[in-house]
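# Remarks on the overall topology
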Amino acid sequence: MQIHNTLTRKKEEFTPITPGKVLFYHCGPTVYWTQHIGNLRAVACADFIVRTLRYLGYVVSHVRNYTDVGHLTSDADSGEDKMEKGVKREGLSPKEIADKYIGIYEKDIDQLNTIRPSFSPRATEYIQEMQRMIGVLLKKDFAYKTELAIYFDVSKFKDYTKLSHQKLDEELSGAGKGDVIDSEKKNTADFALWFFKKGAHTNALQTWQSPWGEGFPGWHIECSAMSKALLGPTLDLHMGGVEHIPVHHTNEIAQSEAANGVKFVNYWVHNEHLIVDDSKMAK
């Protein structure tokens, strides 16, 4: 079987780490609202991959996460936590919002006749794993602390843009340019690993104690921690939407490889957007 690998921009023969087995991570939804048909198309694309691999005789361990904290409206380090948007809209608790929309999502994907993943972790269930990874990054000097957050220092990671193939000054992170302005940030593209319950997040609804102060995780560290906990430090396949290439997946690679000291993913697969009336399907 051949796969078009986003990392190399080439079609490559698929060779798993362990013969006969495949470790597959698929970035799942942020569960603050219903998922539109573009989101569901991504589930169908992942399902085609799982079914193909199993048809070919592979044993597939498939993880698709639920993001229920830390995903800000900018996809980077500015804006409002999307879960809090759901809370304000409906007057429910963050957990009630997550439970409600996970239930709707799972009903939808079942009606599409897609296979449920082997694991469906919620980010809020892996806070300790995230904190351990942040601790390693701080110890290795890939991360630094300010009054408002703990950031990953992209200048310390070689080939930071190897997935996006962009120049760093063109990287589409937008970090540090929105609502959360941190004058102590070293580089514009540095991204948050942990937000403190301060500044724009003083009234954050979901926070946890950490060795560095009360707060909540950044969006990107969540997938790195969950994938390592459930599949290990190196994955065969990682999938997500094309919009994740320049920011989310670029940051996952940087923090995972910096913390674990090994290659994060061998084959990256990205689905394109669903186009309706010449526009991207979106909320």
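The structure presented is a predicted model; accordingly, all values stated were derived computationally and were not measured.

### Focus: the pattern of salt bridges
Applying the stated rule across the entire model yields 14 salt bridges. The salt bridge involving lysine 156 is made with aspartate 141; its shortest N-O contact spans 2.9 Å. Here lysine 156, found in the loop between strand S6 (149–152) and strand S7 (191–196), pairs with aspartate 141, found in the loop between helix H4 (127–139) and strand S5 (143–145); they are 15 residues apart in sequence, far enough to count as distant. Residue class for lysine 156 comes out partly exposed when judged on its relative accessible area of 37%. A relative accessible area of 45% places aspartate 141 in the partly exposed class. For lysine 156, the salt bridge goes to aspartate 153, with nearest N and O atoms at 4.0 Å. Through salt bridges with shared partners, one network takes in Arg89, Glu90 and Lys100.

### Here we look at the state of the cysteines
Under the defined criterion, the tally for this structure stands at 0 disulfides. With no disulfide of its own, cysteine 45 has cysteine 27 as its nearest cysteine by sulfur position, at a separation of 14 Å.

### Remarks on unusual backbone geometry
If you check the backbone angles, histidine 165 has positive phi at about 60° while not being a glycine. With respect to the element layout, histidine 165 can be found in the loop between S6 and S7. Of the residues examined, histidine 165 reaches a relative accessible area of 48% and is grouped as partly exposed.

### Notes on helix H1 (residues 37–55)
Across its 19 residues, H1 extends 26 Å between first and last C-alpha, which sits within 8% of the 27 Å expected from 1.5 Å per residue. Among the residues making up H1, those that are buried are Gly38, Leu40, Ala42, Val43, Cys45, Ala46, Asp47, Ile49, Val50 and Leu53. Lining the buried residues of H1 we find strand S3 (21–26), strand S4 (59–64), helix H3 (94–111), strand S9 (235–241) and strand S10 (265–271). Residue glycine 57 follows H1 closely and has a positive phi angle near 100°.

### Topic: the packing of H4 against helix H5 (residues 219–231)
Following both chains from N to C, one finds H4 and H5 inclined at 105°, their axes separated by 9 Å at the closest point. Here H4 is positioned roughly perpendicular relative to H5, judged by the angle of their axes. Contacts between H4 and H5 involve Glu129, Met130, Met133, Ile134 and Leu137 from the first element and Ile221, Glu222, Ser224, Ala225, Lys228 and Ala229 from the second. Grouping the amino acids of the contact of H4 with H5 by side-chain chemistry returns 7 nonpolar, 1 polar and 3 charged.

### Some details on the environment of glycine 215
Within the secondary structure, glycine 215 sits in strand S8 (residues 215–217). As a C-alpha pair, glycine 215 and leucine 205 span 10 residues in sequence and 9.7 Å in three-dimensional space. Contacts of glycine 215, omitting those with residues within four sequence positions, involve Trp194, Phe195, Phe196, Lys197, Gln206, Thr207 and Trp208.

### A short note on H4
In a regular helix each residue adds 1.5 Å, so 13 residues correspond to 18 Å; H4 covers 18 Å between its end C-alpha atoms and thus fits that length. All of the buried residues along H4 are Ile127, Met130, Gln131, Met133, Ile134 and Leu137. The buried residues of H4 occupy an angular sector of 165° when the element is viewed end-on, so they sit on one face. Structural note: H4 exposes Gln128, Arg132 and Lys139 on the side pointing more than 90 degrees away from its buried face. Lining the buried residues of H4 we find S5, S6, S7, S8, H5 and helix H6 (245–260). Of the residues flanking the end of H4, it is aspartate 141, one or two places downstream, whose phi is positive at about 70°.

### Details of the nonpolar core
Counting residues in each nonpolar core, the largest one holds 48 residues, and the members touching the most others are Tyr25, Leu137, Phe152, Phe157 and Leu193. Secondary structure elements with two or more residues in this core: H4, S5, S6, S7, H5, H6 and S10. Here this core takes 6 residues from S7, the largest share from any one element. Discounting residues that sit within four places of it in the chain, phenylalanine 152 has contacts with Leu137, Phe142, Ala143, Phe157, Asp190, Phe191, Leu193, Ala254, Gln255 and Ala258. Counting residues in each nonpolar core, the second largest holds 15 residues, with Ala46, Ile49, Leu237 and Val269 among its members.

How each quantity is defined
- Residues numbered from 1 in each chain as written.
- Predicted model: local features only at pLDDT ≥ 70, side-chain atom pairs only at ≥ 80, totals over all residues.
- Heavy atoms only, no water.
- Salt bridge = Lys/Arg side-chain N within 4 Å of Asp/Glu carboxyl O.
- Helix = DSSP H or I, 4+ residues; strand = E, 2+ residues; numbered from the N terminus.
- Buried < 20%, exposed > 50% of the residue type's maximum accessible area, 1.4 Å probe, protein only.
- Disulfide = S-S within 2.5 Å.
- Expected span 1.5 Å × (residues − 1).
- Contact = heavy atoms within 4.5 Å.
- Axes fitted to C-alpha atoms, helices over the stretch in contact; angles between N-to-C directions.
- Parallel < 35°, antiparallel > 145°, perpendicular 65-115°, else oblique.
- Nonpolar A, V, L, I, M, F, W, Y, C, P; charged D, E, K, R; others polar.
- Arc of directions from axis to C-beta.
- Core = buried A, V, L, I, M, F, W, Y, C linked by side-chain atoms within 4.5 Å.

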